[in-house]
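One-letter residues, chain by chain:
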Amino acid sequence: KWASVCANEIIKEAVSNAVKHGRATKFTIEFAADQPGFVEIIATDNGKGPSKQTKPGIGSQLLDEIAFPWCMEKGAEGGTILRARIPVNSKRAKS
């Protein structure tokens, strides 16, 4: 449950910032499970891309606390790509 709450918060923050700061109109959210015990969230948008003078805000603080690691970069065709890896519980709940 913790991982789903974290993923939800990361996605909401990525979309909110893309619209507010980047004027994005399209988003793609992908998940990758390349490392056992972790899932990587990849949020891509078509906005104006990250500013070089971006000051860390609440979203950065959130990512610093729950992601291992995270990064934000300009996409090859513009926009922003946010990557955040969070731990997940690999044990399945018993019925």
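Summary of the structure given here.

Let us now look at the sheet that holds strand E2 (residues 38-45). The 4 strands are arranged E1-E2-E4-E3 in an open sheet whose pairing can be described as antiparallel. The open sheet terminates on both sides in strands that have one partner only, identified here as strand E1 (27-32) and strand E3 (70-74). Here the strands of the sheet are splayed against their neighbours by 15 degrees on average, with no regard to which way each runs. Relative to E2, E1 runs antiparallel, the two being bridged by 6 bridges. Bridging across to E2, phenylalanine 31 finds its partner in isoleucine 41. Of the strands in this sheet, E1, E2 and strand E4 (80-87) touch helix H1 (residues 2-22), which is tilted by about 165 degrees from E4.

Another point: the pairing of E3. As paired elements, E3 and E4 share 5 bridges and run antiparallel to each other. Residue pairing for E4: tryptophan 70 is matched across the bridge by alanine 84.

For the rest of this paragraph, the subject is the side chain of threonine 80. For threonine 80, the position within the fold is in strand E4. Relative accessible area serves as the criterion here: at 11%, threonine 80 is assigned to the buried category. If we skip the residues at most four places from it in the chain, threonine 80 touches Ala43, Thr44, Asp45, Gly49, Pro50, Met72, Glu73 and Gly75.

To continue, consider the nonpolar core. If you look at the biggest cluster of nonpolar residues, it comprises 14 residues, and the most contacted ones within it are Ile10, Ile41, Leu63, Leu82, Ala84 and Ile86. Elements supplying a minimum of two residues to this core: H1, E2, helix H2 (58-66) and E4. The element that contributes the greatest number of residues to this core is H1, accounting for 5 residues. Those residues in contact with alanine 84, other than ones at most four positions away along the chain, are Ile10, Val39, Glu40, Ile41, Leu63, Ala67, Pro69 and Trp70.

Going through the model one piece at a time under the given rule, you end up with 2 salt bridges. Note that glutamate 9 and lysine 12 form a salt bridge whose closest N and O atoms lie 3.2 Å from each other. Within this pair, glutamate 9 and its partner lysine 12 are both found in helix H1, separated by 3 residues, close to a single helical turn. Look at lysine 12 and you get partly exposed, because its relative accessible area is 45%. Among the salt bridges present, the one from glutamate 73 reaches arginine 83, with a minimum N-O distance of 3.9 Å. With glutamate 73 in strand E3 and arginine 83 in strand E4, this pair connects stretches of sequence that are 10 residues apart. You can call arginine 83 partly exposed: its relative accessible area is 29%.

Rules of the game
Residues numbered from 1 in each chain as written. Predicted model: local features only at pLDDT ≥ 70, side-chain atom pairs only at ≥ 80, totals over all residues. Heavy atoms only, no water. Pairing = 2+ DSSP bridges. Helix = DSSP H or I, 4+ residues; strand = E, 2+ residues; numbered from the N terminus. Axes fitted to C-alpha atoms, helices over the stretch in contact; angles between N-to-C directions. Contact = heavy atoms within 4.5 Å. Buried < 20%, exposed > 50% of the residue type's maximum accessible area, 1.4 Å probe, protein only. Core = buried A, V, L, I, M, F, W, Y, C linked by side-chain atoms within 4.5 Å. Salt bridge = Lys/Arg side-chain N within 4 Å of Asp/Glu carboxyl O.

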